[in-house]
Amino acid sequence: MIPVQVQPTKDTGVLLEHLFRHQSGRVVAHLARVLGPARLDLAEESMQYAMLRALQVWPNQGVPENAAGWLFRVAHNAAIDAIRRGRFLEQNTPALVAELTRSNFIISGEPDFEEQLRDDELRMIFMCCHPQIARDSRVALSLKTVGGFSVREIASAFLADEAAIAQRLVRAKRQIRERHLTLDMPHGADLEPRLDSALETIYFIFNEGYATHEGEDLIRQDLCFEALRLGRLLAASSIATPRVHALVAVMALQAARLPARIDQAGDLILLEDQNRARWDQGLIAMGFHYLDLSVSGNQVSDYHVQAAIAAVHARAERLALVDWPVILDLYDQLLAISGDSPVVALNRAVAVAKVHGPAEALAAIERLCENPQLHEYYLLLAVRGHLLLELDRREEAAACLREALACRCSEPERRFLRRKLVQCDQPKLVFDK
Amino acid sequence: MPQFMLALYDDPSRWPKLSPEEMQKAIEKYTAWSKKPFVVQGKRLALDAGRVLKTSNGKPRATDGPYSETKEVLGGIYLIEAANYDEAVERTLDHPHLSHGTIELRQLFM
């Protein structure tokens, strides 16, 4: 066992933001690669032990100079201890201890080692997002194992029961063992479906974080930024395709709007009413950087088109400067790629209204309204109500919004619908031009 | 300046349930508090029952620590400086431990 040295730091003991969360993902990924994916639990327990030690020791003895390295070493030692104590009566115990000891001697922070850790993390992402694991479980496992989120945090972000999330994790780990999933990097014909599955999982996490729900806003934003981090990890690897870059561009450009999306009362601000000066310029720059990277090759994926749409908005400093015909054109493409997805069709209708007026937009979603599966979809009713109101068909608009209120939606969305409903009773404002 | 002992009690089964992010936040808060100018020192106690020493039949003996009925156990101590109890209390009111645990405050004879 390597002695753990505590060197009190001279600074104020302030740690890097999300250090524990991110280091947890890296250490678990590294330990799991050495120990084997079937021992993911031991990897997680070892890291948990290291963080608990830090919790006991650091407040009084000071935060060590290399806090990340400290956690890495203590977790390693815990894993070595567990193996030596014979938790696994296997023949390869000495080899495992030797391998763990070897990696523990490497100074973290060394470029080669950092590279190795990134590689471990990447392998872990691919395993957690394996298509043979159910999507719900994939999402929970990625957040827990790679993202360093707790079951309670995941449950609160998804407005789900803690027991349900714990169940998904148990199921995912069982599938890893039973299906002998490995931490090998996917390659050959396997690469594309595995990459698709990872991108789908990452974008799902992003959208969950981006969706508007009551409360726990911080944890939901964390989901967006974790998805962005995972996307960038994939984008920085040698297997990145233009589609990966496009996804990162979508997420960065959309995340840029987060600061402007909710008002002080916690109410939803629609894209067209947002104060664009509050959009995060750093994220917009990042989005354009990845958008540039995504145009290599001739593949145009759904992510490419979504990124292009977000980019048109990001370029327009004011709403009046938004190039709606270009957006409508992009939505036409997206609609074709998505195989007539109702959600895309709805978003397209907003662009139709801007270019051709509310009457045409209403006609464009008429077909959706006939789809019985969408009868209880609040967003369709909300958009329809909005368009009817624009056309001054107030009674129909009010009926539509009332129907929307009866559907499943979040509190901020409900408050938004009620505000719209009030507008139906108010005299229309006439502006002199 | 008179010194006071802070005895920090809490439920240790609570800690493993914290997420990495929450653990980091807790460390940052406790560390920041420990750096306050009036803190003389702070120590964390090992998470075991310890030993109890007692004389029975004229012979001192050590036994394993007391089995605690309550969930809260003594987990750490601090020494702080303050003019009197009022100031000691005042200085302790913002201790992060109070979000979940109990602090017992006792003056030391110097």
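The sections below set out a description of the structure shown in this document.

What counts, and where the lines are drawn
Residues numbered from 1 in each chain as written. Chains lettered and ligands numbered in written order. Predicted model: local features only at pLDDT ≥ 70, side-chain atom pairs only at ≥ 80, totals over all residues. Heavy atoms only, no water. Core = buried A, V, L, I, M, F, W, Y, C linked by side-chain atoms within 4.5 Å. Buried < 20%, exposed > 50% of the residue type's maximum accessible area, 1.4 Å probe, protein only. Contact = heavy atoms within 4.5 Å. Salt bridge = Lys/Arg side-chain N within 4 Å of Asp/Glu carboxyl O. Helix = DSSP H or I, 4+ residues; strand = E, 2+ residues; numbered from the N terminus. Pairing = 2+ DSSP bridges. Axes fitted to C-alpha atoms, helices over the stretch in contact; angles between N-to-C directions. Phe/Tyr/Trp six-rings, centres within 6.5 Å; stacked < 30°, edge-to-face > 60°. Lys NZ or Arg CZ within 6 Å of the ring centre and 35° of its normal.

## Section: the nonpolar core
Inference 1: Phe20(A), Trp58(A), Leu71(A), Met124(A) and Leu234(A) are the most contacted members of the largest nonpolar core, which totals 123 residues.
Inference 2: Excluding residues that lie within four positions of it along the chain, Trp58(A) makes contacts with Leu15(A), Phe20(A), Val63(A), Pro64(A), Ala67(A), Trp70(A), Leu71(A), Ile27(B) and Thr31(B).
Inference 3: Of all hydrophobic cores here, the second largest spans 44 residues; its members include Val312(A), Ala351(A), Leu362(A) and Ala398(A).

## Some words on the pattern of salt bridges
Inference 1: What the rule picks out here adds up to 28 salt bridges over all chains.
Inference 2: Between Arg123(A) and Asp119(A) there is a salt bridge whose closest N-O contact spans 2.7 Å. Linking Arg123(A) with Asp119(A), this pair stays in helix H5 (residues 111-128), spanning four residues, or about one helical turn.
Inference 3: One salt bridge connects Arg174(A) with Glu178(A), and the closest N-O pair in it is separated by 4.0 Å. With a gap of four residues between them, Arg174(A) and Glu178(A) both fall in helix H8 (residues 162-178), about one helical turn apart.
Inference 4: According to the relative accessible area criterion, Arg174(A) is partly exposed, its value standing at 38%.
Inference 5: Residues joined in a network through salt bridges with shared partners are Arg21(A), Glu153(A), Asp222(A), Glu21(B) and Lys25(B).

## Structural notes on the environment of Pro358(A)
Inference 1: Secondary-structure assignment places Pro358(A) in helix H16 (residues 358-370).
Inference 2: Once the C-alpha coordinates of Pro358(A) and Glu390(A) are considered, the two residues, 32 residues apart in sequence, prove to be 6.6 Å apart.

## Brief notes about the environment of Gln116(A)
Inference 1: Locating Gln116(A) in the fold gives a position in helix H5.
Inference 2: Through-space distance from the C-alpha of Gln116(A) to that of Leu223(A) is 25 Å; in sequence the pair is 107 residues apart.

## Description of the sheet that holds strand E2 (residues 39-44) of chain B
Residue and element names in this part refer to chain B.
Inference 1: An order of E2-E5-E1-E6 is seen for the four strands of this open sheet, with the pairing classed as antiparallel. Pairing within the sheet leaves two strands with one partner each, and these edge strands are E2 and strand E6 (102-107). Recorded for the sheet is a direction-independent mean angle of 20° between the axes of neighbouring strands.
Inference 2: Its contacts with the sheet put helix H1 (residues 20-34) on strand E1 (3-10), E2 and strand E5 (73-81), and the angle it makes with E5 is roughly 35°.

## Things to note about the packing of aromatic side chains
How two aromatic rings sit relative to each other is set out by the distance from centre to centre and by the angle between their planes.
Inference 1: Tallying each qualifying case throughout the model produces nine aromatic pairs over all chains.
Inference 2: Measuring from ring centre to ring centre gives 5.7 Å for Trp33(B) and Phe38(B), while their planes differ by 75°; the resulting arrangement is edge-to-face. Phe38(B) shares its class with Trp33(B); the two are buried.
Inference 3: Plain terms: the ring middles of Trp33(B) and Tyr78(B) are 5.3 Å apart, the flat faces sit at 75° to each other, and that makes the pair edge-to-face. One end of the pair, Trp33(B), is in helix H1; the other, Tyr78(B), is in strand E5, with 45 residues separating them in the sequence. For the pair shown, Trp33(B) and Tyr78(B) are each scored as buried.
Inference 4: Through successive ring pairs, a cluster of aromatic residues spans Tyr203(A), Phe206(A), Tyr210(A) and Tyr303(A).
Inference 5: Of note, Arg261(A) hangs over the ring of Tyr210(A), and the distance from its end group to the ring centre comes to 4.2 Å.

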